[in-house]
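# Structural characterization, general
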Amino acid sequence: MKKTAVLLYPQFSEYELSVALSILMQGDKPIVTVGLNTEKIKGESGLSCIADTQISEVNLDEIDSLLLPGCMDIALLINEQKLIDFIGNAHAKGATIASISSSPSLLAKAGVLKNRKYTVGLPLEVIRKLDFFDLNHFSEDLVVQDGNIITARGRGFIQFGITVGKALHLSFDEDWYKE
C-alpha cells in the first residue's frame, strides 16, 4: 500500500494534524513523516519531532497522498524551493494533497491550486497581497475539496481529517470525531 507523506516543518501546527492522523491510523494507512532536512523540528506548541526522512530522499512512486499542516509563519517556507518543487511533483503524479490553515499558500506557490476551488486560513488582505493566489477560485468555506485537492481553514481540522479519510477511501468511524 502506498503511503501518505506528512510534511513537517518549523512551527507546524500539531493540532491541525490530530484528526487526520487518527483517521489514517484507523484506516491502516501507512505514513512517512517528511522534513526539509534531518534537523529536529519544533511545532508551534513546542512539540519536537524528528522526521522519518527528508524531501530529497522521498520516492514519489511510494506516495499517493500528502498531508500539510499549517504553520505559524508560512512566510518562512514560501521560498523553500525544494518544498515547492516536491509539492508540484507530487501533484504531477496525481497524489491527493490535503492542506490546512496557512499551508495552501505552498500549494498556490507550486501551481497546484490553478483553476481549483480552495480555501486558506489567511486574512483576505494577506491573500490579496500574495501574487500567486487566484481569488476567482477562493472560497470562504471551512473545507473545500476540488478533485484530489483538499484545503481547509485551521478551525476546520475535524472535518478536514474526515474529508481526507473519505478521499483516501479509508475505513474509519466518523462518529468518533463528533461532539
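- As named in an unreviewed UniProt entry, the protein is DJ-1/PfpI family protein, taken from Lysinibacillus zambalensis.

## Some points on the pairing of strand β2 (residues 31-35)
- Of all five residues that make up β2, four are buried, and the element is covered over most of its length.
- With four bridges joining them, strand β1 (residues 3-7) and β2 adopt parallel strand pairing. Counterpart to Ala 5 in the pairing with β2 is Val 32.
- Handedness of the crossover joining β1 and β2 through helix α1 (residues 15-26) is recorded here as right-handed.
- Relative to strand β5 (residues 53-54), β2 runs parallel, the two sharing two bridges.

## Things to note about the pairing of strand β7 (residues 96-100)
- β7 sits mainly inside the fold: five of its five residues count as buried.
- Neither face of β7 is open: one carries Thr 96, Ala 98 and Ile 100, the other Ile 97 and Ser 99, and all of them are buried.
- In the sheet, strand β6 (residues 63-68) pairs with β7 via four bridges, with the strands oriented parallel. Bridging from a neighbouring strand, Leu 67 pairs with Ala 98 of β7.
- Tracing the backbone out of β6, into helix α2 (residues 81-92) and back to the parallel element β7 gives a crossover that is right-handed.
- Relative to strand β9 (residues 149-152), β7 is paired through four bridges, and the arrangement is parallel. Its bridge partner being in β9, Ala 98 is matched across the sheet by Ile 150.

## Let's talk about the nonpolar core
- Grouped together as the largest cluster of nonpolar side chains are 60 residues, with contacts concentrated most on Tyr 9, Ile 87 and Leu 106.
- Once residues lying within four places of it in the same chain are set aside, the contact partners of Ile 87 are Leu 7, Leu 66, Leu 68, Ile 97, Leu 106, Leu 107, Ala 110 and Val 112.

## Brief notes about unusual backbone geometry
- If you check the backbone angles, Asp 28 has positive phi at about 55° while not being a glycine.
- With respect to the helices and strands, the residue Asp 28 is situated in the loop between α1 and β2.
- Judged by relative accessible area, Asp 28 falls into the exposed class, the value being 64%.
- If you check the backbone angles, His 169 has positive phi at about 60° while not being a glycine.

Rules used throughout
Residues numbered from 1 in each chain as written. Predicted model: local features only at pLDDT ≥ 70, side-chain atom pairs only at ≥ 80, totals over all residues. Heavy atoms only, no water. Buried < 20%, exposed > 50% of the residue type's maximum accessible area, 1.4 Å probe, protein only. Helix = DSSP H or I, 4+ residues; strand = E, 2+ residues; numbered from the N terminus. Pairing = 2+ DSSP bridges. Right-handed = clockwise from strand over helix to strand, strands pointing away. Core = buried A, V, L, I, M, F, W, Y, C linked by side-chain atoms within 4.5 Å. Contact = heavy atoms within 4.5 Å.

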